[in-house]
Amino acid sequence: MDRMKMTLEGLTIERDGRTAIYLQVAEALAWRIDTGDLPPGARLPSERDLARQLGISRTTAVSAYRELEARGLVRGHVGRGTYVCAGPADSGAPFAWRGKVALGAQRTLDGSLRTLARHGSDRSVISLATGAGALDLFPIDAFRHLADRVLSRGAHAALGLGPTEGQPKLRRVVASRIGVTPEQVLIVNGAQQGLDLIARCLLDPGDTVIMDRPGYLGAIQVFRAAGATIVGWDIGRADPEELEDLLLRYRPKLLYTNPSFNNPTGRTLDVHERRDLLDLAVRYRMPIIEDDLYRDTWFDSPPPPSLRQLDQHQLVIQVNTFSKTIAGGMRLGWLVAAESIVDQLALAKQRVDVASPSLEQLLIADFLATGGYDEHLATLRVAHRQRHDALIDAIHRNLSPGTLSFAPVDGGLYLWCSVGHDVDARELLDAATQAGVVFVPGDVFYPVSCDGSGRHELRICFSAVPPAMIDEGIRRLAQAIDAARSHARNLRTEPALV
Ligand SMILES: Cc1ncc(COP(=O)(O)O)c(C=O)c1O
């Protein structure tokens, strides 16, 4: 402080009006910082003291510090004072961004989804991981034709920015398919955005969310990023008593479930289980987020009515998408909810991306309205069932009995498999990646995975690749299982270090 006094004492302020006083003060301090006279970390006098020492007004002192802050030379901390910042590193070391990442963003450090998406586009790897429908059957010609029509009908509407809630035509077509009003529909960039908007609107840090256990990884990430505590409800047992215990113990803000052809288990709740769930939600005044995106992916018969259809109190927000039935890269989905909450969600969407792409919305609206979508769904149903059967066939042919245990499914995209306790799914994934095939290791589907949940489970997607590739993928997986097992055996028999 003495040194500070000394350096400031030498400063003469010109009051001839040619240079603003605050700039003279800022320049003098900047010079002292530059020469090292005021080293990084040095605390500057308070604004009041500076004003007193130099005989200037407090406002001028504040302006001088603001000027130095704008130049990045000092930083003011409320209640602690103003400090000289460290100068730019001259070592050429990269900027340390990690320290700047906001707390909320740091809650999502798991890059599993991104890594799996990357494998999906690597042609040397057979991805049984990416959760996609049979994209190889995408109706390219029909879409080319629709694009021509949509663009010639009005390029302005197709290329301009549309309403945040979505293109009226798409809202109308979606609403009439599912028997709601267009105002209850919000168009979103995929179900993932729908979940993110819901978390932004309904969750505060510290809230508790109950969700399927195991359950969708993307939902776990969204709720975690919102600062929520996630409590799992065993979707396999779907026991209402267990749920009621959780409701009493945790008083959750909401429940999230994916009740038809669940990701990852393939489980579908029957109508009684759905009613039990709704009864509890009504009694405990708890909103339900129903992620219903696999509804249309049934093989022989549709799943029971959705929670939204059974709901008489408008406490369900339903999330859906065209990702699995048209194309994931289109990034289009929709939400259905009470109008008041649609309005709130639309305000959140407006902040995030203003509106979903107009051209794609109009294309999909026409695809639905002209019956192309239903035809395509029929094609997918046949193909997905064939691929499901091909996967089971390939497992039986390439793996010895009992290596993988699983239950066949009636729809959806996934087979949920257990490997023996001698195989760790993460280690198996390493070996499988080397052999040229990937799947999703089970632990990522558990809100708390450090307790070992999912360590011996894996999710295999059967729908995204044609049967011949499924067979080759399982052949590679068989090699990987052998490699992982012998690696585990070697570790067990290695002499301990003494
Ligand atoms: C249950 C569930 N919800 C949401 C999503 C995200 O879907 P979208 O691609 O529409 O964002 C997925 C994707 O796999 C999913 O399985």
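As shown above, the structure is provided for reference.
Just so we're clear, the structure is a prediction, and the values are computed from it rather than from any experiment.

K.L.:
Please clarify how the packing of aromatic side chains should be interpreted in this entry.
P.N.:
The geometry of an aromatic ring pair is captured by the separation of the ring centres together with the interplanar angle, meaning the angle of the planes. Inspection of every chain in the model, using the stated rule, returns nine aromatic pairs. If you follow R381 out to its NZ or CZ, it ends over the ring of W298, 3.6 Å from the centre.

K.L.:
Explanation requested: the site of the ligand in the structure shown.
P.N.:
Around the ligand, the surrounding shell holds 14 residues, and the nearest of these are A191, N263, D291, Y294 and T321. Within the side chain of T321, an N or O atom sits 2.5 Å from an oxygen atom of the ligand. In the model, an oxygen atom of the ligand is placed 2.8 Å from a nitrogen or oxygen of the S323 side chain. In isolation the ligand offers 390 Å² of accessible surface; the protein chains occlude 92% of this area. Across the shell around the ligand, the residue classes tally to five nonpolar, six polar and three charged.

K.L.:
How should I be thinking about the sheet that holds strand β12 (residues 404-406) in this particular structure?
P.N.:
By way of backbone hydrogen bonds, the strands of a sheet pair with one another, either parallel or antiparallel. One open sheet accounts for four strands, arranged β12-β13-β16-β15; its pairing is antiparallel. This sheet does not close on itself; its edge strands, each paired only once, are β12 and β15 (440-441).

K.L.:
Would you explain the sheet that holds strand β2 (residues 74-77) in this entry?
P.N.:
In space, the three strands of this open sheet follow the order β1-β3-β2, with antiparallel pairing throughout. Each edge of the open sheet is held by one strand with a lone partner, namely β1 (43-44) and β2. As paired elements, β2 and strand β3 (residues 81-84) share four bridges and run antiparallel to each other. Along β3, the bridge assignment pairs R75 with Y83.

K.L.:
What am I meant to see in the nonpolar core here?
P.N.:
Nonpolar side chains in soluble globular proteins tend to end up buried together. Ranked by size, the top nonpolar core spans 41 residues in total, and within it L404, L428, I460, I474 and L477 carry the most contacts. With seven residues, the top contributor of residues to this core is helix α19 (residues 467-493). Beyond its immediate chain neighbours, meaning those up to four positions away, L404 contacts I395, L399, C417, S418, V419, L458, I460 and L477. Listed in part, the 39 residues of the second largest apolar core include A199, M211, I317 and C461.

K.L.:
So what exactly am I meant to see when it comes to the pairing of strand β13 (residues 414-419) here?
P.N.:
With five of six residues buried, β13 is to be regarded as a mostly interior element. In terms of strand pairing, β12 meets β13 through three bridges, oriented antiparallel. The residue of β13 that forms the bridge with L404 is V419. Relative to strand β16 (residues 457-461), β13 runs antiparallel, the two sharing five bridges.

K.L.:
So what exactly am I meant to see when it comes to helix α15 (residues 339-352) here?
P.N.:
For an α-helix, 3.6 residues make a turn, and residues three or four places apart therefore share a direction. Helix length check: α15, at 14 residues, gives a terminal C-alpha distance of 20 Å against a target of 20 Å (1.5 Å per residue), a fit within 8%. Listed in full, the buried residues belonging to α15 are I341, V342, L345, A346, A348 and K349. The buried residues of α15 occupy an angular sector of 165° when projected down its axis, which confines them to one face. Away from its buried face by more than 90 degrees, α15 exposes S340 and R351. Considering only its buried residues, α15 is in contact with α9 (168-178), β5 (185-188), α10 (190-202), β10 (316-321) and β11 (333-336). Immediately downstream of α15, the backbone of V354 shows phi near 65°, a positive value.

K.L.:
What is the right way to look at unusual backbone geometry in this model?
P.N.:
For residues that are not glycine, phi is negative in most cases, and the peptide bond is trans in most cases. Geometrically, the link from R213 to P214 is a cis peptide bond, its omega value of 0° lying close to zero. In this structure, P214 sits in the loop between β6 (208-213) and α11 (217-225). Positive phi, close to 45°, is recorded for R251, a residue that is not glycine. By the element assignment, R251 lies in the loop between α12 (240-250) and β8 (254-257). Its relative accessible area of 57% is what places R251 among the exposed residues. Not every positive phi belongs to a glycine, and V354 is a case in point at roughly 65°. Within the secondary structure, V354 is located in the loop between α15 and α16 (358-369).

K.L.:
Hey, could you run me through the packing of α10 against α15 in this one?
P.N.:
Two quantities define a packed helix pair, namely the angle between the helix axes and the distance between the axes. Orientation of α10 relative to α15, taken along the N-to-C sense of each, is 105°, at an axis distance of 9 Å. If you check the angle between α10 and α15, you find them roughly perpendicular. Contact residues: α10 offers Q193, L197, I198, R200, C201 and L202, while α15 offers I341, Q344, L345, A348, K349, R351 and V352. Taken together, the residues that form the contact of α10 with α15 break down as eight nonpolar, two polar and three charged.

K.L.:
When you look at helix α18 (residues 425-435) in this model, what are you seeing that I'm missing?
P.N.:
Every buried residue of α18 is accounted for by A425, L428, L429, A431 and A432. Turning to α18, the residues buried within the fold contact β13, β14 (437-438), β15, β16 and α19. For α18, the N-terminal capping position is held by D424, with its side-chain oxygen 2.8 Å away from the main-chain nitrogen of R426. Phi turns positive one or two residues past the end of α18, at G436, with a value near 95°.

K.L.:
Is there a simple way to think about the environment of T265 in this case?
P.N.:
If you trace the backbone, T265 turns up in the loop between β8 and α13 (271-283). Sequence separation between T265 and I198 is 67 residues, and the spatial gap between their C-alpha atoms is 24 Å. With sequence-adjacent residues up to four places away left out, T265 is seen in contact with P214, I235, V409 and W416. Side-chain polar atoms of T265 contact the side chain of N262, separated by 2.7 Å. Polar side-chain contacts of T265 include one of 3.2 Å to the backbone nitrogen of R267.

What counts as what
- Residues numbered from 1 in each chain as written.
- Predicted model: local features only at pLDDT ≥ 70, side-chain atom pairs only at ≥ 80, totals over all residues.
- Heavy atoms only, no water.
- Phe/Tyr/Trp six-rings, centres within 6.5 Å; stacked < 30°, edge-to-face > 60°.
- Lys NZ or Arg CZ within 6 Å of the ring centre and 35° of its normal.
- Near = heavy atom within 4 Å.
- Polar contact = N/O pair within 3.5 Å; in protein donor to acceptor, adjacent residues only side chain to side chain.
- Areas by Shrake-Rupley, 256 points an atom, 1.4 Å probe, with all protein chains shown as cover.
- Nonpolar A, V, L, I, M, F, W, Y, C, P; charged D, E, K, R; others polar.
- Pairing = 2+ DSSP bridges.
- Helix = DSSP H or I, 4+ residues; strand = E, 2+ residues; numbered from the N terminus.
- Core = buried A, V, L, I, M, F, W, Y, C linked by side-chain atoms within 4.5 Å.
- Buried < 20%, exposed > 50% of the residue type's maximum accessible area, 1.4 Å probe, protein only.
- Contact = heavy atoms within 4.5 Å.
- Expected span 1.5 Å × (residues − 1).
- Arc of directions from axis to C-beta.
- Axes fitted to C-alpha atoms, helices over the stretch in contact; angles between N-to-C directions.
- Parallel < 35°, antiparallel > 145°, perpendicular 65-115°, else oblique.

Bear in mind that shape data such as this cannot, by itself, settle questions of function.
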